[in-house]
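# Architecture and fold: a report
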Amino acid sequence: MAALNETHDPALKSWVDSANTGDTDFPIQNLPFGVFRRAGSDEPFRGGVAIGDQILDLAAVRVARAIRSTVAANALRAASGATLNAFMAMGPQAWSALRLALSRALRDGAPAQAKLAGALVAQRDAEMAVPASIGDFTDFYTSIYHATAVGKLFRPDNPLLPNYKWLPIAYHGRASSIATSGQRFHRPKGQTTPPGGNTPSYGPCKRLDYELELGAFVGVGTTMGTTVAMESAEQHLFGVVLLNDWSARDIQAWEYQPLGPFLAKSFATTISPWIVTLEALEPYRAAWTRPADDPQPLPHLDSTDNRSRGAIDIGLEVWLESERMRRENSGPALLSRSNFRDSYWTWAQMMAHHASNGCNLAPGDLFGSGTQSGPRPEEGGALLELSKGGKEPVTLANGETRTFVEDGDTITFRASCTAEGRARIGFGACSGTVLPAT
Ligand code: CA
């Protein structure tokens, strides 16, 4: 488990001025990792760390020899490549050593400033890549509010199936169509049926939706045939991004039984490019509780540490910008807010459950949290919930209405963490735009 240390000190300031504004997502207390190059260049992609509105180029930090500690320098070498997999595989001690070294190098008055001033690239000039080679993508379903709301639409008398409170439900997703923020994709086509009908036709999806999720990257892998104890589960997880599990509801409704989602989910998935490490999230941990009259987790999915600090307070937002809003320059409309603190299952439980059958996990594997909806109806993390299954259109500030996502819409997720006496950190944007079907 990570612990609070000098890198979390809210009094720290950086010599990069834009990191000290108080409202930036990337103050010196955050230091998330990504992979980038200058936009429009043929430079190699390499690791970087977001600081204010800049990126600290980790390959340039290596060249400048600005980091002395051997553990941190080895971690720096692994983090300067075109994917972060090798760095992720090194484990919490290496992650923490590099974070500490970068925190010290970026602080106001750091001797390293002179060496590193030329290692900054403005974020607006950068092109971000998917930060890891993602071998496998698993999407969970950890919000009981989402599962209940969606379950009610299909099974009004029996919204939650009996397994839900015993294990973190998931399906194996598609890694190839995951892209970073800015993803633009064509409305998917597929088989759909008219209401009540059993004869499908093939054509563009009519009920395209987003799903407000977080993603967690596996750092240290596991060996086939071994399981992971709850006590060490988080040591396998590197960090967290925002994730939009775009979903074609009409395709999903026809195809999902009996084997689960397939083409309704695999056409596109968008993630935010900056991985906020679990160590950076340490100040925002919260107790994880299970209502007394609900089943308590089986021993292999339970631990005192998970109960005392397994949850994380991450405030989530969904914004929609339509073509008309873009044309009129009126700015996007807020669709909903929710918080990952309300998740029924924690990252540690997802990790322990995933490995509980002996399945091997690899550095760079990605978990989706499932749609994060809060307890109140306006906190739904998908339009399916906000529009009550498409029956009640949502009215936006400019009078436009939505039951599902329309061509030209840009959906943007944002997230931030605040805590008394702590710096505010954020995740940057996770944006995706829907183009007309081809
Ligand atoms: Ca999902």
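Use the structure listed above.
Conventions we followed
- Residues numbered from 1 in each chain as written.
- Predicted model: local features only at pLDDT ≥ 70, side-chain atom pairs only at ≥ 80, totals over all residues.
- Heavy atoms only, no water.
- Helix = DSSP H or I, 4+ residues; strand = E, 2+ residues; numbered from the N terminus.
- Rg over C-alpha atoms; globule rule 2.2 N^0.38 Å.
- Buried < 20%, exposed > 50% of the residue type's maximum accessible area, 1.4 Å probe, protein only.
- Contact = heavy atoms within 4.5 Å.
- Areas by Shrake-Rupley, 256 points an atom, 1.4 Å probe, with all protein chains shown as cover.
- Lys, Arg positive; Asp, Glu negative; His and termini not counted.
- Charge placed at Lys NZ, Arg CZ, Asp CG, Glu CD.
- 1 Å grid on protein atoms, 1.4 Å probe; cavity = no way out; pocket = protein on both sides within 12 Å on 5 of 7 lines; lining within 4 Å.
- Points joined across faces, edges and corners; volume = space filled by probe spheres on them.
- Nonpolar A, V, L, I, M, F, W, Y, C, P; charged D, E, K, R; others polar.
- Phe/Tyr/Trp six-rings, centres within 6.5 Å; stacked < 30°, edge-to-face > 60°.
- Donors = N, O, S within 2.8 Å, 3.2 Å for Na, K, Ca; no water.
- Salt bridge = Lys/Arg side-chain N within 4 Å of Asp/Glu carboxyl O.
- Pairing = 2+ DSSP bridges.
- Axes fitted to C-alpha atoms, helices over the stretch in contact; angles between N-to-C directions.
- Arc of directions from axis to C-beta.
- Core = buried A, V, L, I, M, F, W, Y, C linked by side-chain atoms within 4.5 Å.

## Looking at the overall build of the chain
- The number of helices and strands found in the chain is twelve helices and 27 strands.
- For a compact globule of 438 residues, the expected C-alpha radius of gyration is about 22 Å, and the chain comes in at 21 Å, within 12% of that figure.
- Expressed along its principal axes, the backbone C-alpha trace of the chain runs to roughly 70 × 55 × 40 Å.
- Across the 438 residues that make up the chain, the buried fraction comes to 55%.
- Contacts spanning at least 24 positions in sequence make up 73% of the contacts within the chain whose residues lie at least 6 apart.
- Looking at the chain as shown, the accessible area adds up to about 18200 Å², and 52% of this sits on carbon and sulfur atoms.
- Of the charged side chains in the chain, 40 are positive and 45 negative; the average position of the first set lies 3 Å away from that of the second.

## Observations concerning the layout of surface pockets
- Looking at the largest pocket, its volume works out to about 1300 Å³.
- Lining the largest pocket are 48 residues, with Val150, Phe154, Gln252, Ala253 and Tyr256 positioned closest to its centre.
- Those elements that provide at least two residues to the lining of the largest pocket are strand S6 (137–140), helix H6 (144–154), strand S7 (170–172) and helix H8 (249–255).
- Counting residues per element, the lining of the largest pocket draws most heavily on H6, which supplies six residues.
- The residue makeup of the lining of the largest pocket, split by class, is 22 nonpolar, 15 polar and eleven charged.

## Notes on the packing of aromatic side chains
- Within this structure, the stated rule accounts for 13 aromatic pairs.
- Their ring planes at 80 degrees and their centres at 5.5 Å tell us that Phe87 and Phe238 sit as a pair that is edge-to-face. Here Phe87 is found in helix H3 (residues 85–90), whereas its partner Phe238 is found in strand S14 (residues 237–244), with 151 residues between them in sequence. Across the pair, exposure class does not vary: Phe87 and Phe238 are buried alike.
- Between Tyr210 and Phe413, the ring centres sit 6.0 Å apart and the planes meet at 70 degrees, which makes this aromatic pair edge-to-face. A residue pair is termed long-range when its members are at least 10 positions apart, and Tyr210 in the loop between strand S12 (208–209) and strand S13 (212–218) and Phe413 in strand S25 (residues 410–417) qualify at 203 residues. Side by side, Tyr210 and Phe413 carry an identical accessibility label, which is buried.
- Feature note: the residues Phe33, Phe87, Trp95 and Phe238 constitute an aromatic cluster, connected by ring pairs.

## Points about the coordination of the calcium ion
- Looking at the metal site, the calcium ion is ligated by Asp139 (OD), Glu211 (OE), Glu213 (OE) and Asp245 (OD), spaced 2.2 to 2.3 Å from it.
- Read from N- to C-terminus, the donor residues coordinating the calcium ion fall into the pattern D-x71-E-x1-E-x31-D. With Asp139 in strand S6 and Glu211 in the loop between S12 and S13, this pair connects stretches of sequence that are 72 residues apart. Exposure class is identical for Asp139 and Glu211. Each is buried.

## Section: the pattern of salt bridges
- Summed over the entire model, instances satisfying the criterion amount to 28 salt bridges.
- Residues Lys165 and Asp294 are paired through a salt bridge, measuring 3.1 Å at the closest nitrogen-oxygen approach. Remark: Asp294 occurs in the loop between strand S18 (285–286) and helix H9 (304–309) and Lys165 occurs in the loop between H6 and S7; sequence separation between them is 129 residues.
- For Lys265, the salt bridge identified is with Glu211, shortest N-O distance 3.0 Å.

## Brief notes about the sheet that holds strand S5 (residues 126–129)
- Pairing is antiparallel in the open sheet, where five strands are placed in the order S4-S3-S2-S1-S5. What marks the edges here is a single partner per strand, and that holds for strand S4 (120–122) and S5. Across this sheet, the average inter-strand angle for adjacent strands is 50 degrees, counted without regard to direction.

## Focus on the environment of Ala216
- Within the element layout of this structure, Ala216 appears in strand S13.
- On the accessibility criterion, Ala216 (1% relative accessible area) is buried.
- The sequence separation of Ala216 and Leu366 amounts to 150 residues, and the corresponding C-alpha distance is 5.7 Å.

## Some points on the environment of Ala112
- Of note, Ala112 is situated in the loop between helix H4 (92–106) and helix H5 (113–116).
- Assessed through its relative accessible area of 13%, Ala112 is described here as buried.
- Once the C-alpha coordinates of Ala112 and Ile67 are considered, the two residues, 45 residues apart in sequence, prove to be 8.4 Å apart.
- Here Ala112 is in contact with Ala66 and Ala105, once residues within four sequence places are set aside.

## A word on H6
- Inspection of H6 places Ile144, His146, Ala147, Val150 and Gly151 among the buried residues, and these make up the whole buried set. Projected onto a plane normal to the axis of H6, the buried residues spread over an arc of 155 degrees and lie on a single side.
- Structurally, H6 contributes buried residues whose contacts are with helix H12 (383–386).

## So, helix H2 (residues 70–79)
- Of the residues making up H2, those classed as buried are Ala72, Ala75, Leu76, Ala78 and Ala79. Taken end-on, H2 shows its buried residues confined to a sector of 160 degrees, consistent with a single buried face.

## Notes on the nonpolar core
- By size, the foremost hydrophobic cluster in this structure holds 61 residues, and its most contacted members are Tyr210, Leu214, Leu281, Ile314, Trp347, Phe367 and Phe427.
- Among the elements that take part in this core, helix H11 (residues 347–354) stands out by supplying five residues, more than any other.
- Once you skip the residues sitting within four places of it in the chain, Ile314 turns out to touch Leu214, Leu281, Ser338, Asn339, Phe340, Ala415, Ser416, Cys417 and Phe427.
- Core analysis: the next-biggest nonpolar cluster, separate from the first, contains 48 residues, Trp15, Ala94, Ala112 and Ala129 among them.

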